[in-house]
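Residue-level structure breakdown
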Amino acid sequence: MRTRLASEDSGFTLVELLVVVLVIGVLAAIALAMFSTQKQKGQDADAKSNASALVSAVDRCYVDTGDFTACDGTGPNDELGKTNLPIGAGREQVSVTAATFNTFTVTATSAADDHFIVSQGPTSTQTHTCDAGAAGNSGGGCTDGSW
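Definitions and limits used
As a convention, each chain's residues are numbered from 1 in the sequence order in which they are written. Per-residue local features of the predicted model are confined to residues with pLDDT of at least 70, and side-chain atom pairs are confined, for both listing and counting, to 80 or more; whole-chain, interface and lining totals are unaffected and use all residues. Each side-chain value is worked out from all heavy atoms of the structure, with water and hydrogens disregarded. Here a strand pair is declared whenever DSSP counts at least two bridges between the two strands. Where helices and strands are cited, they refer to DSSP runs of H or I of at least four residues and of E of at least two residues respectively, numbered from the N terminus. The convention used is that axes are lines fitted to C-alpha atoms, helices contributing only their stretch in contact, and that angles between N-to-C directions extend from 0 to 180 degrees. Residue contacts are counted whenever heavy atoms from the two residues lie within 4.5 Å of one another. In this scheme Phe, Tyr and Trp rings, the latter by its six-membered ring, pair at centre separations within 6.5 Å, and the angle between planes marks the pair as stacked below 30 degrees, edge-to-face above 60, and tilted otherwise. Only protein chains enter the accessibility calculation, which uses a 1.4 Å probe. A residue is then buried if its area is under 20% of the maximum for its type, exposed if over 50%, and partly exposed in between. What counts as a disulfide here is a pair of cysteine sulfur atoms lying within 2.5 Å.

1. Quick word on the sheet that holds strand β3 (residues 115-120)
- If you trace the four strands from one edge of the open sheet to the other, you get β1-β2-β3-β4, paired in antiparallel fashion. The open sheet has two edge strands with one neighbour each: β1 (93-99) and β4 (126-130). Sheet twist, expressed as the mean angle between neighbouring strand axes with direction ignored, is 20°.
- Of the pairings in the sheet, the one linking β3 to β4 comprises five bridges and is antiparallel in character. Paired with Ile-117 across the strands is Thr-129, a residue of β4.
- Packing of helix α2 (residues 14-65) onto the sheet brings it into contact with β1, β2 (104-109), β3 and β4, and relative to β2 it is tilted by some 155°.

2. Focus: the packing of aromatic side chains
- Taken as a whole and assessed by the stated rule, the structure comprises three aromatic pairs.
- Plain terms: the ring middles of Phe-68 and Phe-104 are 4.6 Å apart, the flat faces sit at 50° to each other, and that makes the pair tilted. With a gap of 36 residues between them, Phe-68 in the loop between α2 and β1 and Phe-104 in strand β2 connect regions that are remote in the sequence.
- Take Phe-104: its relative accessible area is 1%, and that puts it in the buried class.

3. Focus on unusual backbone geometry
- Here the phi dihedral of Glu-92 falls at roughly 60°; this positive angle occurs in a residue that is not glycine.
- Within the secondary structure, Glu-92 is located in the loop between α2 and β1.
- Residue Glu-92 is classed as partly exposed on the basis of its relative accessible area of 48%.
- Even without a glycine there, the phi angle at Asp-144 is positive, about 55°.
- Here Asp-144 shows up in the segment after β4.

4. Some details on the state of the cysteines
- Tallied over the entire structure, the rule returns two disulfides.
- The disulfide partner of Cys-61 is Cys-71, and the S-S distance across this bridge is 2.1 Å. Negative torsions about the S-S bond denote left-handed disulfides, and the value of about -80° found for Cys-61 with Cys-71 makes this one left-handed. Of this pair, Cys-61 sits in helix α2 while Cys-71 sits in the loop between α2 and β1; the two residues are 10 residues apart in sequence, bridging distant segments of the chain.
- A relative accessible area of 5% places Cys-61 in the buried class.
- For Cys-71, a relative accessible area of 0% corresponds to the buried category.
- For Cys-130, the disulfide goes to Cys-142, at an S-S distance of 2.0 Å. Taking the torsion about the S-S bond as the criterion, the Cys-130 to Cys-142 disulfide, at about 95°, is right-handed. Pair noted here: Cys-130 is in strand β4 and Cys-142 is in the segment after β4, with a separation of 12 residues, a long-range link. Cys-142 carries the same exposure label as Cys-130, and that label is buried.
- By sequence order of its bonded cysteines, the protein has the disulfide arrangement 1-2, 3-4.

Written out as structure tokens, the structure is:
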């Protein structure tokens, strides 16, 4: 004597399995797109943090020297000192890109090759500009060329 369950087919059809695989694929694609955007925002946040930290270091140096050209991180008589920042002009680095007696500009480059620039004038007023993000994308906090 056969039971009713033993006589019926059980399991999933090929179409049902394909639908499940398709749904998982769509969800994975959405998650991957969100992750890559967050990764760039994190890299840009790191660059902005480096720029702000170097601006503070240059300002502290200026208090002692009275001249931003002595605090630009270059030259044998430079007074900037150790900053523990990745100094340089490449990706994931920050540097003083211009300095005069009473003004300076700091540029930080993220791993995504976005640039975050802080310019400080003689009245200590700062301007924050950037080139991150394309066509209205906030690009890690860069909106319309400023942050």
